[in-house]
Amino acid sequence: MTSLFRGVSAFPITPANEDGRVDTDMLSHLVDRLCAAGVDSIGLLGSTGTYAYLTHDERRRAVEAAVECSSGRVPLVVGVGALRSDLARDLARAAERAGADGLLMAPVSYTPLTQADAFEHYRTVAEATPLPFCVYNNPSTTHFTFSVDLLEQLSRLPTIKAVKMPLPAGGDFAKNLAELRQRMDLIVGYSGDWLAADALLAGADTWFSVVAGILPVPSLALGRAGLEGDRETTERLNDAFQPLWQTFKAHGSLRVMYVLIDVLGLGKAELPRPLLSLSDVDRQVIADAVEPLLDRAMREERDLDSIIAG
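Residues numbered from 1 in each chain as written. Predicted model: local features only at pLDDT ≥ 70, side-chain atom pairs only at ≥ 80, totals over all residues. Heavy atoms only, no water.

Engineer: Please set out unusual backbone geometry residue by residue, giving values where relevant.
Structural biologist: Looking along the chain, the bond that leaves Arg273 and enters Pro274 is cis, with omega of 20°. With respect to the helices and strands, the residue Pro274 is situated in the loop between helix H11 (253-263) and helix H12 (280-289). A positive phi angle, close to 50°, is found at Ser71, a residue other than glycine. In this fold, Ser71 is placed in the loop between helix H2 (56-70) and strand S3 (76-79). Exposure remark for Ser71: the relative accessible area of 54% places this residue in the exposed category. (Helix = DSSP H or I, 4+ residues; strand = E, 2+ residues; numbered from the N terminus. Buried < 20%, exposed > 50% of the residue type's maximum accessible area, 1.4 Å probe, protein only.)

Next comes the structure, spelled out in structure tokens:
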């Protein structure tokens, strides 16, 4: 069961209207494309999936639609983050009932959490179901950083199998991986797409990828090369992504993803308020910057749509 946390894990947006009503038809199409591409897992309701902006009923509808669409073709890892431990526990149990294969949780908070608070929060939720569990260490969003001591403590809980790490200070993935693996037996992956190539070449187990949620084919090519340790191919493929990485760093990957959904003609989705869409000028900059990659990607994506259509 822990294999679902290895490889290239694709994180799609959760399309919704301005009232926060999830467009389950569009979500199913996005999931179908990821299954057709052959991603290693789908990370539903992650940060890119704007889980924190959705009601529990809408999160339930999203999980049910994704499970029905994926039909066991690709493992589905569902985000269950919430402010209260009892609510996160209930979300975890609901995801299990709906057919999720694994769980992912960031430490959402208003009052800053202590390390002890976080341990009890994770223990409560991880013990609520037998599903394998991934800890999401995302300090740029949650403003909470897991100490290595806390991760080691959490790794002793029987259902916690993986950790989704942020980019290490200074970009020294080898040092970061060595420290984690010396202290615990967890699958270790990274978010932060613009340095994913470096993480994979350093020996990371997983690329938790935003861009793979919409451009799975070129992302899989990059991820596979990195996981195989093919430096030359990885660096060559990563060079093609550089203009896109620059837009991620300038505008945030979430906002760029919503632009790309429109550029690729995949449907209509609104950023959850109070988040505002990028200006027309910024949107054009993004489209121009990634045009070479998108030209190739759209050809491949059309192939995916042909596969889906049967």
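Don't stop here, the text continues.
Engineer: Residue-level account of helix H6 (residues 148-155), with values.
Structural biologist: H6 sits mainly inside the fold: 6 of its 8 residues count as buried. Every buried residue of H6 is listed here: Val148, Leu150, Leu151, Glu152, Leu154 and Ser155. Those residues of H6 hidden inside the fold are in contact with helix H4 (115-126), strand S5 (133-136), strand S6 (160-165) and helix H7 (173-183). (Contact = heavy atoms within 4.5 Å.)

Engineer: Lay out the sheet that holds S3 in plain terms, naming residues and giving numbers.
Structural biologist: Within the closed barrel, the 8 strands sit side by side as S1-S2-S3-S4-S5-S6-S7-S8. Their pairing is parallel. Neighbour-to-neighbour, the strand axes of this sheet turn through a mean angle of 25°, independent of strand direction. Note that strand S4 (residues 102-105) and S5 share 3 bridges and pair parallel. Following the sheet pairing, Leu104 is matched in S5 by Cys134. In the packing of helix H9 (residues 216-227) onto the sheet, contacts are made with strand S1 (7-10) and strand S8 (206-209), and the angle to S1 comes to roughly 150°. (Pairing = 2+ DSSP bridges. Axes fitted to C-alpha atoms, helices over the stretch in contact; angles between N-to-C directions.)

Geometry only, nothing functional implied.
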